[in-house]
Amino acid sequence: MSVTQREAAGLFGTQAVPAGTPHVVGRVEDVPPGEGRAFVVDGVQVAVFRLRDGSLHATQAACPHAGGPLADGQTDLTVLVCPLHLYTFRWTDGTSPGGAAPLRVYPVHEESGQLVVTV
């Protein structure tokens, strides 16, 4: 018996999104190191972050707690902090140590200088 990624995400309480459609949202330099920017991908608002170590992360643009603009949040290598109520969310799986509902996270990568988010 096999378990799909979506089923596995539900079993383990994460909101990671399995395979979808890749979309170019902009250029890597559109997102300064250490910051995030909001994009609309196929009708879905997504916040894309370029961390200071060069890694890329993408998540839903609004905080599940109260709709805070996550692209304006503070981040480090492990968590994103919502700017409204300071809930934190792990980059690894979108879960919140503070008990907020988990974030949906999206695969993102750089390809020839372009940001590609899979939604």
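Preceding block: the structure.
A quick note: this is a predicted structure, and the numbers were derived from the prediction, not measured.

With respect to the overall build of the chain
Okay, so step 1: A tally of regular secondary structure across the chain gives 1 helix and 10 strands.
Okay, so step 2: Traced from its N-terminal end to its C-terminal end, the chain shows the element sequence α-β-β-β-β-β-β-β-β-β-β.
Okay, so step 3: Excluding contacts between residues fewer than 6 apart, the proportion of contacts in the chain whose partners are at least 24 apart in sequence is 42%.
Okay, so step 4: Only carbon and sulfur atoms are counted for the fraction: they give 52% of the accessible area of the chain, which is about 6500 Å².

Section: the nonpolar core
Okay, so step 1: Residues F39, V46, V48, A58, L115 and V117 are the most contacted members of the largest nonpolar core, which totals 13 residues.
Okay, so step 2: Those elements giving two or more residues to this core turn out to be β2 (35-41), β3 (44-50), β4 (56-60) and β10 (114-118).
Okay, so step 3: Sequence-distant contacts of L115, defined by excluding residues within four places in its chain, comprise H23, V24, V25, G26, R27, V28, V31, F39, V48, L56 and H109.

Focus on the side chain of Q60
Okay, so step 1: Along the polypeptide, Q60 turns up in strand β4.
Okay, so step 2: Side-chain polar atoms of Q60 contact the backbone oxygen of A62, separated by 2.8 Å.
Okay, so step 3: Once residues lying within four places of it in the same chain are set aside, the contact partners of Q60 are Q45, A47, L70, P102, L103, R104 and Y106.

Side note on the environment of A61
Okay, so step 1: Position of A61 among the secondary structure elements: in the loop between β4 and β5 (74-75).
Okay, so step 2: The exposure class of A61 is buried, given its relative accessible area of 11%.
Okay, so step 3: Sequence-distant contacts of A61, defined by excluding residues within four places in its chain, comprise Q45, V46, A47, G68, P69, L70 and A71.

As for the sheet that holds β4
Okay, so step 1: Ordered in space as β2-β3-β4-β8, the 4 strands form an open sheet in which the pairing is antiparallel. Two strands close off the open sheet at either side, each with one partner strand: β2 and β8 (105-106).
Okay, so step 2: By the bridge criterion, 5 bridges tie β3 to β4 in an arrangement that is antiparallel. For V48, the partnering residue across the bridge sits in β4 and is A58.

Looking at the environment of T88
Okay, so step 1: Looking at the secondary structure, you find T88 in strand β7 (residues 88-90).
Okay, so step 2: Along the backbone, T88 and C63 are 25 residues apart, and their C-alpha atoms lie at a distance of 9.9 Å.
Okay, so step 3: The contacts of T88, once residues within four sequence positions are left out, are V79, L80, V81, T95, S96 and P97.

A few points about the pattern of salt bridges
Okay, so step 1: Applying the stated criterion to the full structure yields 2 salt bridges.
Okay, so step 2: One salt bridge in this structure joins R27 and E29, with 3.0 Å as the shortest N-O distance.
Okay, so step 3: On the accessibility criterion, R27 (36% relative accessible area) is partly exposed.

Considering the sheet that holds β5
Okay, so step 1: One open sheet accounts for 3 strands, arranged β5-β6-β7; its pairing is antiparallel. Bordering the open sheet on either side are β5 and β7, each of which pairs with just one other strand.
Okay, so step 2: Where strand β6 (residues 79-81) meets β7, 3 bridges bridge the pair, whose relative direction is antiparallel. Residue pairing for β7: V79 is matched across the bridge by R90.

Calculation criteria
Residues numbered from 1 in each chain as written. Predicted model: local features only at pLDDT ≥ 70, side-chain atom pairs only at ≥ 80, totals over all residues. Heavy atoms only, no water. Helix = DSSP H or I, 4+ residues; strand = E, 2+ residues; numbered from the N terminus. Contact = heavy atoms within 4.5 Å. Areas by Shrake-Rupley, 256 points an atom, 1.4 Å probe, with all protein chains shown as cover. Core = buried A, V, L, I, M, F, W, Y, C linked by side-chain atoms within 4.5 Å. Buried < 20%, exposed > 50% of the residue type's maximum accessible area, 1.4 Å probe, protein only. Polar contact = N/O pair within 3.5 Å; in protein donor to acceptor, adjacent residues only side chain to side chain. Pairing = 2+ DSSP bridges. Salt bridge = Lys/Arg side-chain N within 4 Å of Asp/Glu carboxyl O.

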